[in-house]
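Single-letter residue listing:
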Amino acid sequence: FASDFNALGISVQLKQLHRGSFVLANKAGRVERICRMLEAIEQAGTISKSAAAEVQGHLNFAGGFFTSKALKFLVASFGRLADLPKTISKDDLRFLCQLAKSMLSSMPPRQYDAKSFTEPILIFTDGAWEAGNASAGAVIYDPSSSTTSVFEVVVPEVLVELWKQDVGDQLICQIEMF
């Protein structure tokens, strides 16, 4: 069991879990990589639609998991640059890039107090790919009512066929993410 690990692009830090808290942060290097992208755009004084879409995606991912809505207006700003056939002045682009770098650099990791999760609902999921059949399921335990529910999840055959076209017969990852 690792007390610190990366999952889905975020750093999960459980060192203080025994004291009732844990930390979520951007994966090491993510903020620096985005800032380098923004510096290059700022120096060029222009941004293409594809670069705007790339920055938008990185900002969305960097802010989506743990920083609440603090980066949402930046995501929207770069999204408009990606979607609209509109130009932005060099000064406005420089300001937007500087603002994004400043915000990214000043956002600390988010610490959660596990005491606020006094009775969390536990959800366990699993998927299987056996003998050409895709299946999935979930077990949900609610400690406040001491109830347990078990669900079978039907994986649509049409989806299985699409996955097969994309990745072949090794579908367990797609099934478990479904």
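Residues numbered from 1 in each chain as written. Predicted model: local features only at pLDDT ≥ 70, side-chain atom pairs only at ≥ 80, totals over all residues. Heavy atoms only, no water.

Of all hydrophobic cores here, the largest spans 24 residues; its most connected members are Leu 38, Ile 47, Val 55, Leu 59, Leu 74, Phe 78 and Leu 104. When residues of this core are traced back to their parent elements, those giving at least two are α1 (30–44), α2 (49–64), α3 (72–83) and α4 (90–106). In this view, Val 55 contacts Met 37, Leu 38, Ile 41 and Phe 78; residues no more than four positions away in its chain are not counted. Formed by seven residues, the second largest nonpolar core is a distinct cluster that contains Ala 136, Val 155, Trp 163 and Ile 175. (Core = buried A, V, L, I, M, F, W, Y, C linked by side-chain atoms within 4.5 Å. Buried < 20%, exposed > 50% of the residue type's maximum accessible area, 1.4 Å probe, protein only. Helix = DSSP H or I, 4+ residues; strand = E, 2+ residues; numbered from the N terminus. Contact = heavy atoms within 4.5 Å.)

Of all residues in the protein, 93% attain a pLDDT of 70 or more, and the chain-wide mean is 85. When mean pLDDT is taken per element in the protein, α1 scores highest with 94 and helix α6 (residues 172–177) scores lowest with 82. (pLDDT = per-residue confidence, 0-100.)

Another aspect to go through is the sheet that holds strand β2 (residues 10–13). Taken in spatial order, the four strands make up an open sheet running β1-β2-β3-β4, and their pairing is antiparallel. Of all the strands in the sheet, the pair left with one neighbour each is β1 (4–7) and β4 (110–113). Strand-to-strand, the axes of this sheet are offset by a mean angle of 25°, without reference to chain direction. (Pairing = 2+ DSSP bridges. Axes fitted to C-alpha atoms, helices over the stretch in contact; angles between N-to-C directions.)

A few words now on the pairing of β2. Both β1 and β2 contribute to a ladder of four bridges, which runs antiparallel. Considered in β2, the bridge of Asn 6 is made with Ser 11. What sits between β1 and β2 in their antiparallel hairpin is a turn of two residues, with Leu 8 showing a positive phi close to 55°.

Let us now look at the pairing of strand β7 (residues 147–153). Examined bridge by bridge, strand β6 (residues 133–142) and β7 share seven bridges and lie antiparallel to one another. In the strand pairing of β7, Asp 142 is matched with Thr 147. Linking two consecutive strands that pair antiparallel, namely β6 and β7, is a turn of four residues; a positive phi of about 55° is found at Ser 146 within it.

Turning to the packing of α3 against α4, a few remarks are in order. Running from N to C, α3 and α4 cross one another at 145°; their axes reach a closest spacing of 11 Å. Remark: the crossing between α3 and α4 carries left-handed chirality. Where α3 approaches α4, its residues Phe 73, Leu 74, Ser 77, Phe 78 and Leu 81 are matched on the opposing element by Leu 96, Leu 99, Ala 100 and Met 103. In the contact of α3 with α4, the residues fall into eight nonpolar, one polar and no charged. (Left-handed = near helix turned anticlockwise from the far one by under 90°. Nonpolar A, V, L, I, M, F, W, Y, C, P; charged D, E, K, R; others polar.)

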